Amino acid sequence: YNFYNAKQMPEWIEQIGIAKSQCLYEWERHNDNPILSVSRDGFDTQFCSDAKVFWDDVEKHWVMFFYGVGRGAAHIMIAFSRDLIHWERDTTPLYQAGGNPSGLD
């Protein structure tokens, strides 16, 4: 599986899509992309991107850390899934930036 950033222009909104491959040369995008969209009023209204996905063997679910941009800053967000397609995000950032427009610090 490959999680990728899908950019919507001219607004420059980024959302997370998924594609799969058997050979790593030919990829098929999921029909219902994006699998994680920007939120309407959260900490990820402009960007929901740069997914890092891991299996949590204790909780028996997938964990996605992602980059969210919204409310005037960049944040580190988290979401959970049992099937890699349907995700439930935590609306509170793991790390909430202080508003520096050039980055997280």
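First, a word on scope: everything that follows refers to the structure included in this document. (Residues numbered from 1 in each chain as written. Predicted model: local features only at pLDDT ≥ 70, side-chain atom pairs only at ≥ 80, totals over all residues. Heavy atoms only, no water.)

1. Some details on the overall build of the protein chain
In step 1: From N to C terminus, the protein chain includes zero helices and seven strands.
In step 2: Mapped from its N terminus to its C terminus, the protein chain presents α and β elements in the order β-β-β-β-β-β-β.
In step 3: In terms of C-alpha radius of gyration, the protein chain reaches 14 Å, essentially the compact-globule figure of 13 Å for 105 residues.
In step 4: Counting only C-alpha atoms, the protein chain reaches 40 × 40 × 25 Å along its principal axes.
In step 5: For the protein chain, buried positions account for 37% of its 105 residues.
In step 6: Sequence separation of 24 or more characterises 35% of the internal contacts of the protein chain that already satisfy a separation of 6 or more. (Helix = DSSP H or I, 4+ residues; strand = E, 2+ residues; numbered from the N terminus. Rg over C-alpha atoms; globule rule 2.2 N^0.38 Å. Buried < 20%, exposed > 50% of the residue type's maximum accessible area, 1.4 Å probe, protein only. Contact = heavy atoms within 4.5 Å.)

2. Description of the pattern of salt bridges
In step 1: Summed over the entire model, instances satisfying the criterion amount to two salt bridges.
In step 2: Ionic pairing is found between Asp44 and Arg89, a salt bridge with its closest N-O pair at 2.5 Å. With a gap of 45 residues between them, Asp44 in the loop between β3 (28-29) and β4 (47-56) and Arg89 in strand β7 (residues 88-96) connect regions that are remote in the sequence.
In step 3: Residue Asp44 is classed as buried on the basis of its relative accessible area, which comes to 1%.
In step 4: The closest approach of N and O atoms between Asp57 and Lys60, which form a salt bridge, is 3.0 Å. (Salt bridge = Lys/Arg side-chain N within 4 Å of Asp/Glu carboxyl O.)

3. What about the pairing of strand β5 (residues 61-70)?
In step 1: Among the ten residues in β5, seven count as buried, and that is most of the element.
In step 2: Across eight bridges, β4 lies against β5 in antiparallel orientation. What sits directly across from Trp55, in β5, is Trp62.
In step 3: Between the end of β4 and the start of β5, which pair antiparallel, lie four residues, with Lys60 showing a positive phi angle near 60 degrees.
In step 4: In the sheet, β5 pairs with strand β6 (residues 73-81) via nine bridges, with the strands oriented antiparallel. Bridge pairing in β6 links Met64 to Ala79. (Pairing = 2+ DSSP bridges.)

4. Re a nonpolar patch on the surface
In step 1: A cluster of nonpolar residues, Phe54, Phe65, Leu94 and Tyr95, forms a patch on the protein surface that exposes about 390 Å² of accessible area.
In step 2: Accessibility expressed as a relative area gives 46% for Phe54, which makes it partly exposed. (Patch = residues over 30% accessible without salt bridge, like charges linked within 9 Å, V, L, I, M, F, W, Y side chains within 5 Å. Areas by Shrake-Rupley, 256 points an atom, 1.4 Å probe, with all protein chains shown as cover.)

5. Observations regarding the pairing of strand β1 (residues 2-8)
In step 1: The pairing of β1 with strand β2 (residues 13-20) spans seven bridges and is antiparallel. Paired with Phe3 across the strands is Ile18, a residue of β2.
In step 2: Counting the residues that bridge the hairpin from β1 to β2 gives four residues, and of these Trp12 lies at a positive phi of roughly 55 degrees.

6. Examining unusual backbone geometry
In step 1: Residue Pro10 follows Met9 across a cis peptide bond; omega there is 10 degrees.
In step 2: Residue Pro34 is reached from Asn33 by a cis peptide bond, and omega for that bond is 0 degrees.
In step 3: In this structure, Pro34 sits in the loop between β3 and β4.
In step 4: Despite not being glycine, Arg71 shows a phi value in the positive range, around 55 degrees.
In step 5: Structurally, Arg71 can be placed in the loop between β5 and β6.
In step 6: We classify Arg71 as exposed; its relative accessible area is 55%.
In step 7: The phi angle at Leu84 is positive, at roughly 70 degrees, despite the residue not being glycine.

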